[in-house]
Amino acid sequence: MLPPLSRRSFGLGLTGLLAAPRLAQASTPIMTSDVPPPTLEVLKWAPATRAALQSVMDAHGHYSEGYDANQRPYAVFDWDETAIVGNVQETLFHFMLEHFSFLLPAEQFRHLLHVGGSDHPLPAPFKNLAGQPIIFSELIQDILEDYRALAAHYGHMPHPLPREELADDPALQAFRARMALYHQALRAIHGEEAAQRGLIRLLAGQTVQDVVALTRAANESALGQSIERVTWKSPATRPGRTGPLSVTITQALRLTPEMADLFQILQEQGIDPIICTSSLEESVAIFATSAEYGYNLRREHIFGARLTQHKKLYGTTEEANYPFPFGVGKTTILRTHLAHRKQPPLIIFAGEDSSGHLLSAFPETQLCCLINRKQTADMQPFLQEAVKQRGTATPRLVLQGRDENTGEWRPDEASIFLGETTPSLP
């Protein structure tokens, strides 16, 4: 008889997710008569979703008779809004704005902002505090003037400047509000993919070590803050061409003990968890491979966005011959880098806006688990199909609800969205 399996304690917070020793991977199937398969903790799983996951793992893991150690099954996960609550790339972006953590000279920084720039007014929601339309090209000029002023005053430093040193600086207040509005406008006009690419390119000029340090600082800061909507305003003393404006961002980052437990149980079952996300690969790896954060995944199983590097510095373009992991890019990365698996993912767990193509590309995948959150039109058909399959004996699409006001999951498929009190389904 094998010894009892070690388990992990769970709790919310940076130090609350405690790591358990990784179990040795079995080379041969373990007979179910010897020891029962490890099971997911109840925690705050929607019961039907937890049951569906457990059933698929038990049927295909190395406790099953048909398990082939030479063709290990694998499960694919989004990272943002899935393994964590929140978006690691946006969290880093907001942190960099508040601490002016940009390293490019102003002229090079300017080239990062000309994606989608024009002399036409932004759509109706984007107006200044006087109700006047905002011209994209004028917004960019104002951002560059703020950037030059901040660079002249503080210089360029890879590690964050003290927040209290910057908080009352009108140039910083204007810069962060205008940059955040620029990002939201880019998303509204050109879509989620263009906005995500823009965020990642802002890391140009930094080393991997710089980005790792910034990401860790951003994570720890956000995990200690409340979940809420925050409004940034550009001051009247710095009107620029666009005039004083305001923008509201969502401040939210939480660890998810249910996912940390699932990652461990999958590995005990001989099933490899694979992360494929549209955030920067190194920023995600800080979370995903860390015992401190509680996820403990293997570095080679993390696939995210990649920038070119020159003399150890990130460039302004994406790595050649590696698709951007959004939409079809996610599917291409998996089919290229996991071609040796010779089988589709056993499970797909999706919460990012970029996973519609992934969900449709592998019809043989046994189970697709979807985070119930407000998503793009591409994701809506899958969310609605999961609703239709509720209560069926063997659903292929299942939902997991959460309370966005607390950052915790709910033991139900329905979610309570940020600022609301009533649970709802897609």
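Keep in mind the model is a prediction, meaning the values are calculated, not measured.

Enquirer: Please set out the pairing of strand S4 (residues 246–251) residue by residue, giving values where relevant.
Expert: Strand residues, when the strand is regular, have side chains that alternate between the two faces of the sheet. Side-chain alternation along S4 places Val247, Ile249 and Gln251 on a buried face and Ser246, Thr248 and Thr250 on a face that remains uncovered. In this structure, strand S3 (residues 228–233) lies alongside S4, joined through six bridges in antiparallel fashion. Following the sheet pairing, Lys233 is matched in S4 by Ser246.

Enquirer: Report on the nonpolar core, specifying residues and quantitative values.
Expert: Counting residues in each nonpolar core, the largest one holds 55 residues, and the members touching the most others are Phe100, Phe102, Phe109, Leu139, Phe175 and Met179. Elements with a contribution of two residues or more to this core: helix H2 (88–99), helix H3 (106–112), helix H4 (136–154), helix H6 (170–190), helix H7 (192–201), helix H8 (208–223), S3 and S4. Among the elements that line this core, the one with the most residues is H6, at 10 residues. Judged by nonpolar contacts, the second largest core, of 40 residues, contains Phe77, Met259, Leu262 and Ile275.

Enquirer: Please provide a residue-by-residue account of the pattern of salt bridges, values included.
Expert: A side chain of one charge can pair with a side chain of the opposite charge if their charged atoms are brought near each other. Scanning all chains against the criterion turns up 27 salt bridges. Here Arg306 ties to Glu319 by a salt bridge, and the two come within 3.6 Å at their closest N and O atoms. Here Glu319 lies in the loop between strand S9 (313–318) and helix H11 (328–337) and Arg306 lies in the loop between strand S7 (302–305) and strand S8 (307–310), a separation of 13 residues in the sequence. Under the relative-accessibility criterion, Arg306 is labelled partly exposed at 22%. Connected through salt bridges with shared partners, the residues Glu281, Glu282, Arg299, Arg306 and Glu319 form a single ionic network.

Enquirer: Residue-level account of the environment of Pro37, with values.
Expert: By the element assignment, Pro37 lies in the segment before helix H1 (47–60). Looking at Pro37, the relative accessible area reads 22%, which means it is partly exposed. Separated by 201 residues in the primary sequence, Pro37 and Arg238 have C-alpha atoms spaced 63 Å apart.

Enquirer: Please give an account of the sheet that holds strand S6 (residues 272–280) that cites residues and values.
Expert: Read from one edge to the other, the open sheet built from six strands follows the order S7-S6-S1-S10-S11-S12, with strand pairing classed as parallel. Single-partner strands in this sheet number two, and they are S7 and strand S12 (397–400). Strand-to-strand twist in this sheet, taken as the mean axis angle between neighbours without regard to direction, amounts to 15 degrees. For strand S1 (residues 74–77) and S6, the ladder comprises four bridges, and the chain directions are parallel.

Enquirer: Hey, could you go over the packing of H2 against H7 for me, with residue numbers and the actual values?
Expert: Two elements in contact, H2 and H7, have axes separated by 10 Å at closest approach and are oriented at 50 degrees. The orientation of H2 relative to H7 falls into the category oblique. In this structure, H2 meets H7 at a crossing whose hand is left-handed. On the side of H2, the interface is formed by Gln89, Glu90 and Phe93, while H7 contributes Gln196, Leu199 and Ile200. Residue composition of the contact of H2 with H7, by class: three nonpolar, two polar and one charged.

Enquirer: Lay out the side chain of Thr91 with the relevant residues and their values.
Expert: By secondary structure assignment, the location of Thr91 is in helix H2. Residue class for Thr91 comes out buried when judged on its relative accessible area of 11%. When near neighbours in sequence (up to four residues on either side) are disregarded, Thr91 contacts Ala218, Ala222, Ala252 and Leu253.

Enquirer: Could you give an account of the confidence of the model for the protein, with specific residues and numbers?
Expert: Mean pLDDT for the protein: 90, with 90% of residues reaching 70 or above. In the model, residues 1–30 has pLDDT below 50 throughout and makes 74 contacts with residues more than four positions away in sequence or in other chains.

Enquirer: Residue-level account of the environment of Leu104, with values.
Expert: Along the chain, the position of Leu104 falls in the loop between H2 and H3. Overall, the relative accessible area of 8% leaves Leu104 in the buried class. Considering only alpha carbons, one finds Leu104 and Ala414, 310 residues apart in sequence, at a separation of 44 Å. For Leu104, the residues in contact, after removing those within four places along its chain, are Phe109, Leu112, Tyr147, His156, Ala204, Gly205 and Thr316.

Enquirer: So what's going on with H8? Which residues, and what values?
Expert: Along its 16 residues, H8 runs 22 Å from first to last C-alpha, staying within 8% of the 22 Å computed at 1.5 Å per residue. Turning to H8, its buried residues are Val208, Asp210, Val211, Leu214, Thr215, Ala218, Asn219, Ala222 and Leu223. If you follow the buried residues of H8, they end up packed against H2, strand S5 (253–255), S6, helix H10 (281–288), S8 and S9.

Enquirer: How would you summarise the environment of Ile275 if you had to cite specific residues and measurements?
Expert: Along the chain, Ile275 turns up in strand S6. On the accessibility criterion, Ile275 (0% relative accessible area) is buried. The contacts of Ile275, once residues within four sequence positions are left out, are Phe77, Asp78, Trp79, Phe263, Val284, Leu297, His301, Ile302 and Phe303.

Enquirer: Describe H11, and please don't skip the residues or the numbers.
Expert: Considered for burial, the residues of H11 that qualify are Gly329, Lys330, Thr331, Ile333 and Leu334. Contacts made by the buried residues of H11 are with S1, S6, S7 and helix H12 (356–361).

What counts, and at which threshold
- Residues numbered from 1 in each chain as written.
- Predicted model: local features only at pLDDT ≥ 70, side-chain atom pairs only at ≥ 80, totals over all residues.
- Heavy atoms only, no water.
- Buried < 20%, exposed > 50% of the residue type's maximum accessible area, 1.4 Å probe, protein only.
- Helix = DSSP H or I, 4+ residues; strand = E, 2+ residues; numbered from the N terminus.
- Pairing = 2+ DSSP bridges.
- Core = buried A, V, L, I, M, F, W, Y, C linked by side-chain atoms within 4.5 Å.
- Salt bridge = Lys/Arg side-chain N within 4 Å of Asp/Glu carboxyl O.
- Axes fitted to C-alpha atoms, helices over the stretch in contact; angles between N-to-C directions.
- Parallel < 35°, antiparallel > 145°, perpendicular 65-115°, else oblique.
- Left-handed = near helix turned anticlockwise from the far one by under 90°.
- Contact = heavy atoms within 4.5 Å.
- Nonpolar A, V, L, I, M, F, W, Y, C, P; charged D, E, K, R; others polar.
- pLDDT = per-residue confidence, 0-100.
- Expected span 1.5 Å × (residues − 1).

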